[in-house]
Amino acid sequence: MTETPATATTAPAVPWPQPASSLYPALADAITGTVTLPGDSGYDTQRQVWNGMVDVQPAARGAGGGGAPPPPPPPPVPPVLAFAHRTGQPLAVRGGGHNVAGNGTVDGGIVLDVGGLRSVEVDRIAQTVTAGGGATLGDIDLATAPFGLAVPLGVVSGTGVGGLALGGGVGWLTRSHGLSVDNILGADVVLADGTAVHASAEEEPELFWGLRGGGGNFGVVTSLTFQAWPLPAEVYSGNLIYKADRFENALHAFSAWSADVPDELTTIISFLVPPPEWEQGEDPIMAVGFAWAGEDEEAAAAVVDRLRDLAAPDAELVQPVPWLDWQSAVDDLFPHGSRAYWKNTSFNSLDAGLIDVLARRAREQSWRGTGFDLHHMGGAFGRVPEDATSFPVRDARYWLNIYGFWNDAADDAHHTAFVRGLSRDAEPFAGGGQYVNFMGAEDPAQAAPGVYSGEKLARLSALKSAVDPENLFRRNHNIAAST
Ligand code: FAD
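Residues numbered from 1 in each chain as written. Predicted model: local features only at pLDDT ≥ 70, side-chain atom pairs only at ≥ 80, totals over all residues. Heavy atoms only, no water.

Once that is clear, we can look at the domain arrangement of the protein. Once the domains are mapped, the protein shows domain 1 (20-113), domain 2 (120-230) and domain 3 (234-438). For domain 1 and domain 3, the distance between their C-alpha centres works out to 35 Å. Taken together, the eight residues of domain 1 in the interface contact 13 residues of domain 3. In terms of surface lost to domain 3, no three residues of domain 1 exceed W50, M53 and V100, which account for 71% of the buried area on that side. For the pair domain 1 and domain 3, the number of links is six residue pairs in polar contact (both at pLDDT 80 or more). Of the residues in the side of domain 1 that touches domain 3, the class split is four nonpolar, four polar and no charged. (Domains from an automatic or database assignment. Contact = heavy atoms within 4.5 Å. Buried area = accessible area lost by both parts, 1.4 Å probe. Polar contact = N/O pair within 3.5 Å; in protein donor to acceptor, adjacent residues only side chain to side chain. Nonpolar A, V, L, I, M, F, W, Y, C, P; charged D, E, K, R; others polar.)

What follows deals with the sheet that holds strand β14 (residues 265-272). Each strand in a sheet pairs with its neighbour through backbone hydrogen bonds, running either in the same direction (parallel) or in the opposite one (antiparallel). Reading across the sheet, the seven strands line up as β16-β13-β15-β14-β18-β19-β17 and stay open at both edges, with antiparallel pairing between neighbours. The open sheet has two free edges, formed respectively by β16 (315-322) and β17 (343-347), since each of these has just one partner strand. Averaged over all neighbouring strand pairs, the angle between strand axes comes to 15°, with direction disregarded. Where strand β13 (residues 234-243) meets β16, eight bridges bridge the pair, whose relative direction is antiparallel. Bridging across to β16, L240 finds its partner in E316. Here helix α8 (residues 247-258) sits on the sheet and contacts β13, β14, β15 (285-292), β18 (370-376) and β19 (398-404); the angle it forms with β14, its principal contact strand, is near 165°. Strands in contact with helix α13 (residues 412-426) are β17, β18 and β19; relative to β19, the strand with the most contacts, it is inclined by about 160°. (Pairing = 2+ DSSP bridges. Helix = DSSP H or I, 4+ residues; strand = E, 2+ residues; numbered from the N terminus. Axes fitted to C-alpha atoms, helices over the stretch in contact; angles between N-to-C directions.)

Let us look at the sheet that holds strand β10 (residues 196-200). Within the open sheet, the five strands sit side by side as β6-β7-β11-β9-β10. Their pairing is antiparallel. Of all the strands in the sheet, just β6 (120-123) and β10 have a single pairing partner and so form its edges. Shown here is a sheet whose adjacent strand axes are inclined to one another by a mean of 15°, direction ignored. Of the strand pairs in this sheet, β6 and strand β7 (residues 128-132) are connected by four bridges, and their pairing is antiparallel. The residue of β7 that forms the bridge with V122 is V129. Here helix α4 (residues 137-144) sits on the sheet in contact with β6, β7 and β11 (220-227), set at roughly 35° to β6. Where helix α7 (residues 205-214) meets the sheet, its contacts fall on β9 (184-190), β10 and β11, and the angle it forms with β9 comes to roughly 100°.

The following block contains the structure:
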């Protein structure tokens, strides 16, 4: 690892063409962070991302920024972009490294790691939060919880806010306050040509629109400012558990119940073989998890009672839980290095045929290492107009995320096939669109259907042409520049 001077911020003139590797010292000289090359100590650790199936060898990794205090040095973003552009080397931008498709790294290319940009500032009066582009969800929750505030984020605390919030951000506050993208007030962005801009509703509004769902296609985000929302110190939350022979019954009940629940309640159903520490046996279960983003616990309990009346659970654990505990409750299920392949789709309703598919496929899981979640959408998510952000399919009522999180490479084919099989079975009921952050790496034969509608894709393509015509940012669900 080469430590570089804190003052150098511009790339020195380097004659070209040359083998890219001979230019790495120039890259190191140009940035305020560090460059790690194959053979350097730490390279093998630093090249790893969350998905253990992504086993690639970047040629170099440039990193910069640090937590606060002390204040982080300026990130080395423009010089690394200039270097990638000049050498033609593929570039990956890495935030939290949790992307399931492995977009936080690139074989034989340069990883620009902004994971050090983890500072979080809370303005308790304005109820806004500004987080570095490499902060984790846990960093943000830790900073906001003491003020009784929360930003709508995802459900696993080690996930990076950069990737999560640029793609969407589905979690326990989706129905009460929308996706993460719906709560972005502004972003500091370094564009492909090294220009730093601020994007908000007032400044660079088209870029601001594209960033909120376009998944990292348009620049390197060094900070994001979010709207935060008051939450009680303890959130009324829990799980109603149903055994395998109750899946159909419970899903029909859920379908009826979820047609009319207040926005304060966000529900995520998980079908999986529970880990031993959950003490729920070795058969697959359906866990109806929920969180109530409000003060009135009696009102929350009455709503949950209505589901109990429709389908009495076989077991349950329901209680007020500190927000930080709830936000990290399933962290242990998804350790770093898990092998993973994911697919997703949206639905407008839970048809009887779809319920049959979900129940049958859920019962097939006699192993630990795959699962699938059914997110209840609507509420604040559904009130955002379709054209207000680039995130697709605002009229989706439910979103299915089929995921794997296994350890043994010998299970790759079997678990991947399960994810694909359920996705295929659910496809006839799909409402369209894809959530980029719930997509795994596709081989060409399995290419996923479109993420965005034709109109939205055309608008995103026009934006790509304007800000990244040469497609420097291509390790993502890539949006082609319009011709
Ligand atoms: P990275 O691999 O670092 O990056 C992902 C993509 O975003 C890459 O294309 C990268 O180039 C780009 N990117 C990252 N940071 C920046 C930046 N600062 N500027 C520009 N581009 C950037 N999603 C949800 O919505 N809700 C959940 O509850 C949820 N839970 C998850 C749990 C686990 C265990 C995992 C593995 C994923 C989960 N996800 C969830 C999906 C998650 O949103 C995506 O994996 C997301 O891509 C992770 O972002 P990252 O910054 O950690 O990833």
